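The chain contents come next:
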Amino acid sequence: MRILFIVNSAASSVTARRRVVIQKALSADHDVTLAETSRRGHATRLAQSAARDHHDLVMVLGGDGTLNEAANGLAGTDTALGVLPGGSTNVFARILGLPDDSVDAAGVLLDAIERGRFERIGLGAVEGRYFLFHCGIGFDAAVVEEVEKRGPWKRWAGHPLFVYATIATWFDIDKRQRPLRVLGPRGDELGRGSFTIVMNANPYTFLGNRAFEVLPDLTLQDPLAVVTIERLRLRTLGPVVAAALRGRGVKARRGLRLDTGLRSLTVEADPPAPYQVDGDHLGERTRFRFTWTPDHLTLLRP
């Protein structure tokens with residue numbers, strides 16, 4: 001099997017030793033080419049080149065941002081994506097049930113290759129940018145932006161930095177506004193709120209070792225689900241966080257709306273709202289057009 005091994009050496013848990021050990025393991029039975037990312041968007045171009053050159057698999061060692069870039073390069077092609085955890089949280093690798101240690105994960109995926117464990121999955125997209133697990137508009141995107149302002153700290157601070165950014169953003173953001181308007185496929189209004197998450201998979205994220213289970217039944221074969229929180233109030237968010245951390249998932253209630261099975265939708269923002277895709281902050285917009293495409297990416301599954 002021809003494999004392009006993409007490594008983001010700047011990712012939180014990537015070391016030279018891990019890269020060498022994994023490359024040797026992959027090379028024992030496969031034709032492996034190593035490529036290291038050097039800038040934002042580089043993994044997308046590397047993955048696109050691999051697909052054009054008819055590589056069978058692109059294996060990515062990095063965080064969720066690098067993984068998202070590679071998925072965007074492979075979407076709609078026959079080249080498969082393999083996931084090795086190299087970041088601070090590694091949401092998608094953990095969604096797949098992979099070990100937290102990248103060397104152990106490589107062993108699991110080598111076994112999956114032998115067993116032919118390849119599966120086509122659906123992808124969400126916002127304004128043409130694909131996402132593997134979610135896109136957040138509003139509060140969580142502002143948190144990610146706060147973290148990225150302190151980029152050099154991310155490798156060493158990890159989860160404490162996210163906690164700090166969440167608290168700082170909570171006290172800085174205007175929690176009274178409802179700037180987001182969520183529209184269904186026919187332009188019908190589904191709801192208004194100050195924070196919206198469009199999900200392609202569950203969990204939404206992980207807090208330490210605890211999965212944040214928003215919609216436990218949501219799979220990579222299902223269309224998009226949308227969670228809209230009317231206002232950022234502790235009396236609304238408290239029960240949501242508690243239920244998600246207990247693994248029960250969240251239920252629609254006053255101040256919280258759930259919509260599932262959506263292949264398209266639009267979110268309008270006034271004023272412009274920040275958004276993030278798979279943990280990468282992408283700026284601000286006034287309009288977000290979402291689509292879901294089934295069977296759009298080949299994934300190597302453990």
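Relevant structure appears above.
Now for a look at the structure at hand.

Conventions used here
- Residues numbered from 1 in each chain as written.
- Predicted model: local features only at pLDDT ≥ 70, side-chain atom pairs only at ≥ 80, totals over all residues.
- Heavy atoms only, no water.
- Axes fitted to C-alpha atoms, helices over the stretch in contact; angles between N-to-C directions.
- Helix = DSSP H or I, 4+ residues; strand = E, 2+ residues; numbered from the N terminus.
- Parallel < 35°, antiparallel > 145°, perpendicular 65-115°, else oblique.
- Left-handed = near helix turned anticlockwise from the far one by under 90°.
- Contact = heavy atoms within 4.5 Å.
- Nonpolar A, V, L, I, M, F, W, Y, C, P; charged D, E, K, R; others polar.
- Pairing = 2+ DSSP bridges.
- Buried < 20%, exposed > 50% of the residue type's maximum accessible area, 1.4 Å probe, protein only.

Time to look at the packing of helix α1 (residues 16–27) against helix α5 (residues 102–114). Viewed as axis vectors pointing N to C, α1 and α5 meet at an angle of 15 degrees, and their least axial separation amounts to 10 Å. Taken together, the axes of α1 and α5 lie roughly parallel to each other. The interaxial crossing formed by α1 with α5 has right-handed handedness. On α5, the residues touching R18, V21, I22, A25 and L26 of α1 are S102, V103, A106 and L110. Looking at the contact of α1 with α5 residue by residue, the class counts come to 7 nonpolar, 1 polar and 1 charged.

Here the focus is unusual backbone geometry. With an omega of 5 degrees, the peptide bond between N202 and P203 qualifies as cis. Examined against the element boundaries, P203 turns out to sit in the loop between β10 (195–199) and β11 (205–207). Along the chain, D270 connects to P271 via a cis peptide bond; the corresponding omega equals 10 degrees. With respect to the element layout, P271 can be found in strand β15 (residues 264–277). One non-glycine residue, H54, lies in the positive phi region at around 60 degrees.

Relative to β15, strand β7 (residues 134–137) runs antiparallel, the two sharing 3 bridges. Its bridge partner lying in β15, C135 is registered against V277. Both strand β8 (residues 180–183) and β15 contribute to a ladder of 4 bridges, which runs antiparallel. Bridge pairing in β15 links R181 to E268. Hairpin connection, β15 to strand β16 (residues 280–300): the antiparallel pair is bridged by 2 residues, and D278 has positive phi, about 50 degrees.

What follows is about helix α6 (residues 139–148). Counting buried positions along α6 yields 8 of 10 residues, so the element is predominantly enclosed. Among the residues making up α6, those that are buried are F139, D140, A141, A142, V143, V144, E146 and V147.

Next up on the list: helix α2 (residues 42–52). Among the residues of α2, H42, A43, T44, L46, A47, A50 and A51 are the ones counted as buried. Buried residues in α2 make contact with β1 (2–7), β2 (31–36), β3 (57–62) and α3 (64–74). Just past α2, the residue H54 takes up positive phi, approximately 60 degrees.

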